[in-house]
Amino acid sequence: MPPSPETLLPDVEFAPGSPPLVHADAAGDPARWTAAHRDALRATVAGHGSVLVRGLGLTDAVGTEAVFRRLTSDRLMADREPFAPRRRYADGVYSSTKWPANQQMCMHHESSYALEFPGLLLFACLEAPGAGGATCLADGSAVLDALPAELTERFEREGWLLNRTYNDEIGASVAEAFGTDDRGAVERYCRGNGIAWEWRLDGSLRTSQHRSAVVRHPVTGRRCWFNQIAFLSEWTMDPEVREYLVDVYGPDQLPFTTRFGGGDPIDEDIVRTVNEVYEAHTVREPWRAGDLLLVDNIRTAHSREPFDGPREVLAALGDPVRRSDCEVRTV
C-alpha cells in the first residue's frame, strides 16, 4: 500500500500547545517546494486542522502569491464584507486585518457571517514582530463540546445575528465592505446574500444578517462552533472604545455587534464564557519571518495576539464553501 500523503512530509513536529510544525528545505525556491508537497500539506490540515511550515524563506508578496496559488484547489477569494480594512497586494492576496497592535483580536472563523466563506486560510509572515503577534488557533469542534450545553443548544436553535452600521469614521466603509459605494449594487449584493439593509437619514448603512452558529464540516461531518459571536460583540471591544462609540453613535448604531438569532442581547457574561473556552483550547507558535500557516477555517478558529514593533503577515482565502453545504439539520 502506498504511503499516505501526510507521511511524505519531512520533519513534522507535534508538540502540546502548538500547531503541527513542518521544517522545509526550500533551497531558495518556496513555490517549487510547496508544489512538490502540496498534497501532504493539505492532508495534514485535513487531519489536524492546521500546519505551520518553517524554512520556506518567504520574503515578498510576489513569491507569497505563487505559494498560495499552488496550495489552493480553486480560486483565491475576494475579501467581501470585511469588518476592518486590508491592503490588497494582488488578486486574492491581502494584508492581515488592520487592528490596533495593542489590542487582542479574539478567536473567530473567517467570514463566518457570509453565505460563502473560505474553507482554507493561508497566512505568510514576511516580517515577524519583536514580541507577541502570534496567530493563535482553537479547534471549533472541541470548543463546541466544552461550551455550556444550554448555551450551544440555544444558539443551535436560534442562530445568531450580526448587526452592522457602516460609516466613514471607524471600521470598514461601505466601499471597502462591498467593493462599491453604489447604492443599487450594494442592495443587490445584500438581497442576494441574505442581508437586511436600511439607509439611514445621515447616509449611513445599517445591515443585519441571521446565520447559523454551528455547522457540520462538509468533509469530515464534524459539528463545529463556527461564528463570530464573541469577536464581533460590543463586549469584546476595549471598554474605553465601547464607551466612546456608545456615547458618539448610540447603542443601536455601533459599527458591529451580535445578538441571539431571535434578537435578544447577548450579555457580557456569555461573551466572556465563549472567550474563556477558546483560550482553554488555544495553541500558538510565535511567527518567524518566512513562515507559512495553513488553517482549516471551518474546523479551526484563529486570533491575533497584541504585539510590539512592525509585523507583516499576508493572508489569502481559498477553497470557497457554501453555507448550504454544511448546515446542521435540526428536527
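Preceding this paragraph is the structure being described.
Position numbers for residues start from 1 in each chain and track the written sequence from start to end. Thresholds applied to this predicted model are a pLDDT of at least 70 for local features of residues and 80 or more for the giving and counting of side-chain atom pairs; totals over whole chains, interfaces and linings are not thresholded and use all residues. The side-chain quantities take in all heavy atoms of the structure and omit both hydrogens and water.

Attention shifts here to the overall build of the chain. Counting from the N terminus, the helices are the DSSP runs of H or I reaching at least four residues and the strands are the DSSP runs of E reaching at least two. Scanning the chain from terminus to terminus reveals nine helices and 20 strands. In terms of overall size, the chain behaves like a compact globule, its C-alpha atoms giving a radius of gyration of 20 Å where 331 residues would be expected to give roughly 20 Å. If you line up the chain on its principal axes, its C-alpha atoms span 60 × 40 × 35 Å. Classification of the 331 residues of the chain by burial places 52% in the buried group. Any two residues whose heavy atoms approach within 4.5 Å at even a single point are treated as in contact. For the chain, the proportion of contacts with a sequence separation of at least 24, taken over those separated by at least 6, is 79%. Residue burial considers only the protein chains on display, and all accessible areas are found by Shrake-Rupley using a 1.4 Å probe. Here the chain has roughly 14700 Å² of accessible surface; of this, 49% comes from carbon and sulfur atoms. When charges are counted, Lys and Arg contribute as positive and Asp and Glu as negative, whereas His and the chain ends are disregarded. Every charge is mapped to an atom, namely NZ of Lys, CZ of Arg, CG of Asp or CD of Glu. Positive and negative side-chain charges of the chain, numbering 35 and 50 respectively, have mean locations separated by a distance of 5 Å. When we talk radius of gyration, it's over C-alpha atoms, and the globule rule is simply 2.2 Å times the number of residues to the 0.38. Here the term buried applies to any residue with accessible area under 20% of the maximum for its type, exposed to any over 50%, and partly exposed to those in between, with areas from a 1.4 Å probe on protein chains only.

A pair of Phe, Tyr and Trp rings is counted when the ring centres sit within 6.5 Å of each other, with Trp represented by its six-membered ring. The angle between the planes then sorts it: under 30 degrees is stacked, over 60 is edge-to-face, the rest tilted. For the structure on display, the rule yields nine aromatic pairs. On the numbers, 5.7 Å between centres and 75 degrees between planes, the contact of Phe-155 with Trp-225 is edge-to-face. Of the two residues, Phe-155 sits in helix H5 (residues 149-158) while Trp-225 sits in strand E14 (residues 223-225), which places them 70 residues apart along the sequence. Here Trp-225 falls in the buried class, since its relative accessible area comes to 0%. Ring pairs connect the aromatic residues Phe-83, Trp-99, Phe-231 and Phe-256, which therefore count as one cluster. By definition, being over a ring means that NZ of Lys or CZ of Arg is both within 6 Å of the ring centre and within 35 degrees of the ring normal. The ring of Trp-199 carries Arg-183 above its face, with NZ or CZ at 4.2 Å from the centroid.

All right, on to H5 then. What H5 keeps buried is the set Leu-151, Thr-152 and Phe-155. The buried residues of H5 occupy an angular sector of 90 degrees when the element is viewed end-on, so they sit on one face. In H5, the exposed positions angled more than 90 degrees off the buried face are occupied by Glu-150 and Arg-157. For H5, the secondary structure elements touched by its buried residues are helix H4 (140-146), strand E10 (160-166), E14, strand E15 (256-260) and helix H9 (268-280). It is the directions from the helix axis to the C-beta atoms whose arc is reported.

A pair of cysteine sulfur atoms is labelled a disulfide when the two atoms are within 2.5 Å. Going through the model one piece at a time under the given rule, you end up with zero disulfides. Cys-224 carries a free sulfur, and the closest cysteine sulfur to it, the one in Cys-326, is 9.1 Å from it. With a relative accessible area of 1%, Cys-224 lands in the buried category.

Hydrogen bonding along the main chain pairs the strands of a sheet, whether they run parallel or antiparallel. Only strands that DSSP links by at least two bridges are regarded as paired with each other. The antiparallel open sheet is built from four strands, whose spatial order is E6-E18-E9-E16. The outermost strands of the open sheet, each flanked by one partner alone, are strand E6 (105-108) and strand E16 (282-283). In the sheet, E6 pairs with strand E18 (residues 300-304) via two bridges, with the strands oriented antiparallel. Residue pairing across strands places Met-105 opposite Arg-304, the latter belonging to E18.

A patch consists of residues whose relative accessible area exceeds 30% and which take part in no salt bridge; residues with like charges are grouped when within 9 Å of each other, and nonpolar side chains (Val, Leu, Ile, Met, Phe, Trp, Tyr) when within 5 Å. A pairing counts as a salt bridge when a side-chain nitrogen of Lys or Arg comes within 4 Å of a carboxyl oxygen of Asp or Glu. A cluster of acidic residues, Asp-238, Glu-240, Glu-243 and Asp-247, forms a negative patch at the surface. Residue position: Asp-247 is located in helix H8 (residues 239-249).

The antiparallel open sheet is built from four strands, whose spatial order is E11-E12-E10-E15. Since the sheet does not close on itself, it has two edges, and those belong to strand E11 (195-199) and E15, each with one partner. The average undirected angle you get between the axes of adjacent strands in this sheet is 20 degrees. The sheet contact formed by E11 and strand E12 (residues 205-211) spans five bridges and is antiparallel. In the sheet register, Glu-198 faces E12, and the bridge partner there is Arg-206. Helix axes are fitted to C-alpha atoms over the stretch in contact, other axes to C-alpha atoms as well, and angles between N-to-C directions run from 0 to 180 degrees.

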